[in-house]
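Below, each chain spelled out in residue letters.
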Amino acid sequence: MAGIDAVVLVGGQGTRLRPLTLSAPKPMLPTAGVPLLTHLISRIRDAGVSHIVLGTSYRAEVFSDHFGDGAALGVELDYVVESEPLGTGGGIRNVADALRGDTVLIFNGDVLSGVDLQALLDVHERRRAEVSLHLTRVEDPRAFGCVPTSPDGLVEAFLEKDPNPVTDQINAGTYVFTRTALESIPTGRPVSVERETFPGLLAAGARVAAYVDATYWRDLGKPSDFVAGSADLVRGIAPSGALPGPVGERLCLEGADVATDAEVRGGSTVGRDCRVGAGARVEGSVLFDGSRIGANAVVRRSVLGFGSVVEDGAVVEDAVIGDGAKIGSGVELLAGARVWPSVMLPPGSIRFSSDSS
Ligand code: GTP
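If you're wondering where the values come from, they're calculated on a predicted model, not measured in any experiment. (Residues numbered from 1 in each chain as written. Predicted model: local features only at pLDDT ≥ 70, side-chain atom pairs only at ≥ 80, totals over all residues. Heavy atoms only, no water.)

*Asks:* So what exactly am I meant to see when it comes to unusual backbone geometry here?
*Replies:* Among all residues save glycine, negative phi is the norm, and among peptide bonds the norm is trans. The omega torsion of the bond from Arg18 to Pro19 falls at 10 degrees, within 30 degrees of zero and hence cis. With respect to the element layout, Pro19 can be found in the loop between strand S1 (4-9) and strand S2 (30-31). Here the phi dihedral of Arg59 falls at roughly 50 degrees; this positive angle occurs in a residue that is not glycine. Mapping Arg59 onto the fold places it in the loop between strand S4 (51-56) and helix H2 (60-67). The backbone phi angle of Asn296 is positive, close to 60 degrees, even though this residue is not glycine. Note that Asn296 resides in the loop between strand S19 (292-293) and strand S20 (298-300). (Helix = DSSP H or I, 4+ residues; strand = E, 2+ residues; numbered from the N terminus.)

*Asks:* Teacher, can you tell me more about the state of the cysteines here?
*Replies:* Where two cysteines share a covalent bond between their sulfur atoms, that bond is called a disulfide. For the coordinates displayed, the defined rule picks out zero disulfides. The thiol of Cys274 is not disulfide-bonded; the next cysteine sulfur, from Cys252, is found 9.0 Å away. (Disulfide = S-S within 2.5 Å.)

*Asks:* Just checking my understanding: could you explain the sheet that holds strand S28 (residues 344-345) for this structure?
*Replies:* Two strands in a sheet stick together by hydrogen bonds in their backbones, pointing the same way (parallel) or opposite ways (antiparallel). Strand order in the open sheet formed by six strands is S13-S16-S19-S22-S25-S28, with parallel pairing between adjacent strands. The open sheet has two free edges, formed respectively by strand S13 (257-258) and S28, since each of these has just one partner strand. The pairing of strand S16 (residues 275-276) with S19 spans two bridges and is classified as parallel. Residue pairing in the sheet places Arg275 in a bridge with Arg292 of S19. (Pairing = 2+ DSSP bridges.)

*Asks:* For this particular structure, what's the right way to read the site of the ligand?
*Replies:* In the vicinity of the ligand lie 18 residues, with Leu9, Thr15, Arg16, Glu82 and Gly87 positioned nearest. At 2.6 Å, a side-chain N or O of Thr15 approaches an oxygen atom of the ligand. In this structure, Gly55 approaches the ligand through a main-chain N or O atom, which is 3.0 Å from a nitrogen atom. For the ligand, whose unbound accessible area comes to 620 Å², protein coverage reaches 83%. When each cavity is represented as a set of grid points, the ligand is found to reside in the largest pocket. Grouping the amino acids of the shell around the ligand by side-chain chemistry returns four nonpolar, 10 polar and four charged. (Near = heavy atom within 4 Å. Polar contact = N/O pair within 3.5 Å; in protein donor to acceptor, adjacent residues only side chain to side chain. Areas by Shrake-Rupley, 256 points an atom, 1.4 Å probe, with all protein chains shown as cover. 1 Å grid on protein atoms, 1.4 Å probe; cavity = no way out; pocket = protein on both sides within 12 Å on 5 of 7 lines; lining within 4 Å. Sits in = over half its atoms within 2 Å of the grid points. Nonpolar A, V, L, I, M, F, W, Y, C, P; charged D, E, K, R; others polar.)

*Asks:* How should I be thinking about the pattern of salt bridges in this particular structure?
*Replies:* Working definition: two side chains of opposite charge can pair if their charged atoms are close together. Applying the stated rule across the entire model yields 21 salt bridges. Across the pair Arg189 and Glu196 runs a salt bridge, and its minimum N-O distance is 2.7 Å. Judged by its relative accessible area of 35%, Arg189 is partly exposed. The class of Glu196 is partly exposed, set by a relative accessible area of 33%. (Salt bridge = Lys/Arg side-chain N within 4 Å of Asp/Glu carboxyl O. Buried < 20%, exposed > 50% of the residue type's maximum accessible area, 1.4 Å probe, protein only.)

*Asks:* Can you help me understand the nonpolar core in this one?
*Replies:* Soluble globular proteins tend to bury their nonpolar side chains together. Among the nonpolar cores identified, the biggest contains 52 residues, and Val8, Leu37, Ile52 and Leu105 are the most heavily contacted of them. Each of domain 1 (4-223) and domain 2 (249-352) gives at least three residues to this core. Beyond its immediate sequence surroundings of up to four residues, Leu105 is in contact with Ile4, Asp5, Ala6, Val7, Val49, Leu117, Leu120, Leu121, Tyr175 and Val176. Judged by nonpolar contacts, the second largest core, of 29 residues, contains Ala96, Ile106, Val147 and Ala181. (Core = buried A, V, L, I, M, F, W, Y, C linked by side-chain atoms within 4.5 Å. Domains from an automatic or database assignment. Contact = heavy atoms within 4.5 Å.)

*Asks:* Which parts of the structure should I look at to understand the side chain of Thr178?
*Replies:* Positionally, Thr178 belongs in strand S9 (residues 169-178). Residue Thr178 is classed as buried on the basis of its relative accessible area, which comes to 18%. Thr178 has contacts with Asp102, His124, Ala129 and Glu130, leaving out every residue within four places of it along the chain.

*Asks:* I keep staring at helix H4 (residues 117-126) and nothing clicks. Help me out?
*Replies:* Every α-helix winds through 3.6 residues per turn, so residues three or four apart in the chain are directed the same way. For H4, every residue scored as buried is listed here: Leu117, Ala119, Leu120, Leu121, Val123 and His124. If you follow the buried residues of H4, they end up packed against S1, helix H1 (36-46), strand S6 (103-108), strand S8 (131-137), S9 and strand S10 (208-213). For H4, the N-terminal cap is Asp116; the gap from its side-chain oxygen to the backbone nitrogen of Gln118 is 3.1 Å. At the exit of H4 stands Arg128, carrying a positive phi of roughly 45 degrees.

*Asks:* Is there a simple way to explain the side chain of Asp323 in this structure?
*Replies:* Structurally, Asp323 can be placed in the loop between strand S24 (320-321) and strand S25 (326-327). Within the buried set, Asp323 has no salt-bridge partner at all; the shortest N-O distance to an opposite charge, 8.5 Å, is to Arg59. A polar contact is formed between the side chain of Asp323 and the side chain of Ser23, at a distance of 3.0 Å. Sequence-distant contacts of Asp323, that is, excluding residues within four places in its chain, are made with Ser23, Gly305, Phe306, Pro341 and Ser342. (Lys, Arg positive; Asp, Glu negative; His and termini not counted.)

Function cannot be inferred from these measures alone, as they are strictly geometric.
Structure follows, in structure tokens:
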């Protein structure tokens, strides 16, 4: 992997994961005990790439405060900050001066995947491509733009979402660019790599190659995928070289105190200094550090922000609880509910199924 740089785009605002992303950018949210980005950095490092450039914008300082020069993870990290967000294509163009080689591996910072990076680079070389994309096959491609390819592995089109998609192949958010292709992206204005750069390259007759595989892949951009991705890491379904404990049904971090008769499973993470009370049930959920769950409470497929509290007997399902929020005893919070930081929901058997801020 000599002469190859990695670039990770981490400048997005993560609006779909609000309110969790009010205090930290999405790639810094704890996922199976470490920031989501740590899993990706460990995969890049394990593939033999040591120079990684982070393209930051929103809350840029949170990345550098945590990762510094990258030595603790065995990589060399550089940061390029966009004072105004430049979008995915603009963010790629903006890191040009920080690159050292002529071939660049580029990653969306919110994807967990098992893609074989060497195989992606081999395809890029073999096809003498200007840009190569990792494509993944999904069961229901209607929710995505899809990417048909020719029999010789070249991308034919980038199609918008369609009720009758022509292929189940979608853009998986990992690319290889030659430096020349990267430098052809316009500077000084926002550019979308998906909507402008890729279609523009095809229209100009560039060789855009595809590497299609069926390994693990998930975009953690929305709450249901965030909890599912974290659970997949804890259970060893999603690959990572950064899991801070053995794979299993649950991951309990330092200082976590789980009552002996509480049931914690489904790949749940119990963060540092969390407490889970007697008889509580926690399934497929992510408990950020310092959160507390009372006796006989039930938490399923949900995220509990830093220092949040779910009191005795409350039920929280498919919900996102902001930092320091408190869910009173007996409250039922279901189906996509989001509670803003520090909000207190008083005790009682009220059902909340929409935003409560
Ligand atoms: P939503 O607001 O929930 O859509 O999330 P997002 O802002 O992260 O957008 P999206 O999921 O589409 O972004 C895909 C990847 O590109 C993520 O890793 C983002 O951090 C990154 N990204 C998005 N916009 C920018 C940008 O303007 N600059 C940089 N450097 N990265 C970006």
